[in-house]
Amino acid sequence: MKKNESSAALDRRSFLTGVAAAGLASIATSAFAQQTDIGEILAAPRRGNWDDQFDARSTTRAKVAGFQPIASPETVSFTESAINTYSQIVSNGGWPSVQPTVKLQLGVVDPSVPAMRKRLMISGDLAETAGLSNSFDTYVDAAVKRFQARHGLPADGVMGQYSLAAMNVPADIRLGQLQTNLERLRKLATEDQGARYVMVNIPAAQIEAVEAGRVAQRHTAIVGKIDRQTPILDSKIQEVILNPYWTAPKSIIQKDIIPLMRKDPTYLTRNKIRLFNEQTREEIAPETVDWNTDDAMKLMFRQDPGKINAMSSTKINFPNPYAVYMHDTPQQGIFNKLMRFDSSGCVRVQNVRDLNVWLLRDTPGWDRQTMEATIKTGVNTPIAVTNPVPLHFVYVSAWSTGDGVVHLRDDIYERDGQAALSIGTNT
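It should be emphasised that the depicted structure is a prediction, and the values quoted were computed from it without experimental measurement. (Residues numbered from 1 in each chain as written. Predicted model: local features only at pLDDT ≥ 70, side-chain atom pairs only at ≥ 80, totals over all residues. Heavy atoms only, no water.)

(A) View of the UniProt feature "active site" (unreviewed entry) in the protein chain. As recorded in UniProt, the feature "active site" (unreviewed entry) lies at His 327 and Cys 346. Spanning 20 residues, the named residues nonetheless gather at one spot, since no C-alpha pair among them exceeds 7.8 Å. Along the chain, the position of His 327 falls in strand β10 (residues 326–327). Looking at His 327, the relative accessible area reads 5%, which means it is buried. Relative to the assigned elements, Cys 346 resides in the loop between β11 (341–343) and β12 (347–349). Judged by its relative accessible area of 10%, Cys 346 is buried. Beyond its immediate stretch of four places on either side in the chain, Cys 346 contacts Ile 222, Val 223, Gly 224, Thr 230, Ala 323, Val 324, Tyr 325 and His 327. (UniProt positions renumbered as here; feature names shortened; annotations may be inferred. Helix = DSSP H or I, 4+ residues; strand = E, 2+ residues; numbered from the N terminus. Buried < 20%, exposed > 50% of the residue type's maximum accessible area, 1.4 Å probe, protein only. Contact = heavy atoms within 4.5 Å.)

(B) Quick peek at the environment of Met 167. With respect to the helices and strands, the residue Met 167 is situated in helix α5 (residues 161–167). In this structure the C-alpha to C-alpha distance between Met 167 and Trp 95, which are 72 residues apart in sequence, comes to 9.4 Å.

(C) Spatial organisation of the pattern of salt bridges. For the coordinates displayed, the defined rule picks out 20 salt bridges. The partner of Glu 283 in a salt bridge is Arg 274, with the nearest N and O atoms 4.0 Å apart. Look at Arg 274 and you get partly exposed, because its relative accessible area is 35%. Residues participating in the shared-partner salt-bridge network are Arg 196, Glu 211, Arg 361 and Asp 362. (Salt bridge = Lys/Arg side-chain N within 4 Å of Asp/Glu carboxyl O.)

Shown next as structure tokens:
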């Protein structure tokens, strides 16, 4: 079992907010400290691979991943079918809770396994022909991995704290979650998203690039913290900047940079962040600022392009009233984390260069080779997107892609109306 998984009493909201401080302390003296995205690095251990594949020989169930966009009439239809199925499950008494006394994983024999088998059968993850023995065999292993993938958890087959918490959410609560999200899905399906569009699903921390009714690319994302939420919005991607400057938002200056400068006066210099008078654009030396006050809030904090830049290779711009954007990051390991709600509202994109190429497809002179060569130069290069691409930030925590595949996520921002779905109480 991974670190912290054995403690059933661990509060997941505390995990999110507290581990950031622990991570900063652990890296303060390392070279990696120069890649700090202004105090937002989490140092949580990896909990498995973000992979929805499993031993197909052990199950006849449908695969979890597919090409169906979340904003489609098909998703609405499949979710309606899922609601009917879950209504029947609730009418039949729901599913049993699983209360193991040992770590449940492949090879374990334990009296709690039959309840888990029954739970997985009812939700459609395990064939009934697998039986109700005490053995956590390859059939159960495949079913657990499928269950984990459907819930956005690392599909490692190990029943850790968060997998167990997701499994023990009652069936009637899940039914209500599907009903709540059906209304959101219907709205998305009736709106004109555009022939080509990008959709960021916040609870799933996932991005879809959609074209001709199919998902052309799917990217793992990092979205806003509980106290710095990523907003719901509709816009159009108009600009891709290679080797961007990063200008710190006022919230990060106040909450992160000023406290860091009080502890380490070399922080700005080490991270190649310069100070400027916002009116005159005159550069200000950090040592001339009184960091024991909030005077620094009047200044502009701008980080030079480069490998340690908070946005690394790319910034994706779109008009919006929230001053948020999408971007790359020098800390690629964060995309492997279990909890990917770690930004100040902006959206970090895994494999962002693939998305760049897709966005710039109709922009003359910007193929993959040219883009990579430009990034190597380190020169700040804004590129206007010839055909601006519609962009939608949405909040959907439950949906179905058919064949009995029901996707469920934590209600990270507590918008579904059920405390049991909140990351703060679902432990």
